[in-house]
Structures are given as C-alpha cells and as structure tokens.
Amino acid sequence: MEIKTHTDGATLTIAVSGRVDTVTAPELEAGLKFGDATRVVLDLADVPYMSSAGLRLLLSAHKTMLAKGGELQIARVPPAVREVLDLTGFSGILNLV
C-alpha cells in the first residue's frame, strides 16, 4: 500500500493505492493524521479492494472529522469498493464525492 498526502490550505488530500485489508489497515490508520485540516479528501481511485477493516477505518475517520467540526470526503471510489460501500450501507453514511 502507498499513501500520499497533499495539503492545500485547510484541505488535506490523502491518496491511497493498494488493497485495504486486515494486513494493510494498520498502515493506513497510521497515515490518517488530520492535523488542523477542516476538510479531508480520501482519494481511493487506486484501491482495488477494501475489507471490513478498511470500512472500520473510514467510519472512524468520518467520526473524527465530525467531532472536530470538519468533513471527510471519499473521492474517486472504484466500482468494486463502491459496491462494498453500497452493500454495507456505508454509502449512506459517508460523504462520497
């Protein structure tokens, strides 16, 4: 898995590439440092697979940003990951853009 970050003002973009599963989820969790960002965009364009461990991280990140008055946007979701989000009901909870 590879994680790249880019900050533009109060917006933090985190681009993830690779599978997000029980093996790689701890690495992604360590990379989800939001600092002072009030808007976080999580770019999943290069994530071919996401397990329940990844879903847990998305929900946790969403709750963290809400608690600090910010927002988490999930961007460029591939069809396979989108299907998992739809089937689990997460697409109704998370802000998919």
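The structure we're discussing is the one just above.
Every value quoted in this text rests on a predicted model; they were computed, and no experiment measured them.

Asks: Even after reading the chapter, I still don't get the environment of arginine 56, so can you show me in this structure?
Replies: Within the secondary structure layout, arginine 56 lies in helix 2 (residues 52-67). On the accessibility criterion, arginine 56 (45% relative accessible area) is partly exposed. Distance from arginine 56 to leucine 87, taken between C-alpha atoms, is 14 Å for residues 31 residues apart in sequence.

Asks: What am I meant to see in the sheet that holds strand 4 (residues 71-75) here?
Replies: Pairing between the strands of a sheet is mediated by backbone hydrogen bonds and can be parallel or antiparallel. Spatial strand order, 1-2-3-4-5: five strands in an open sheet with mixed pairing. Each end of this open sheet is capped by a strand with a single partner; those strands are strand 1 (2-8) and strand 5 (95-96). Here strand 4 runs beside strand 5; their pairing, made up of two bridges, is parallel. Bridge pairing links glutamine 73 to asparagine 95 in strand 5. Where helix 2 meets the sheet, its contacts fall on strand 3 (39-46) and strand 4, and the angle it forms with strand 4 comes to roughly 145°.

Here is what the cut-offs are and how they apply
Residues numbered from 1 in each chain as written. Predicted model: local features only at pLDDT ≥ 70, side-chain atom pairs only at ≥ 80, totals over all residues. Heavy atoms only, no water. Helix = DSSP H or I, 4+ residues; strand = E, 2+ residues; numbered from the N terminus. Buried < 20%, exposed > 50% of the residue type's maximum accessible area, 1.4 Å probe, protein only. Pairing = 2+ DSSP bridges. Contact = heavy atoms within 4.5 Å. Axes fitted to C-alpha atoms, helices over the stretch in contact; angles between N-to-C directions.

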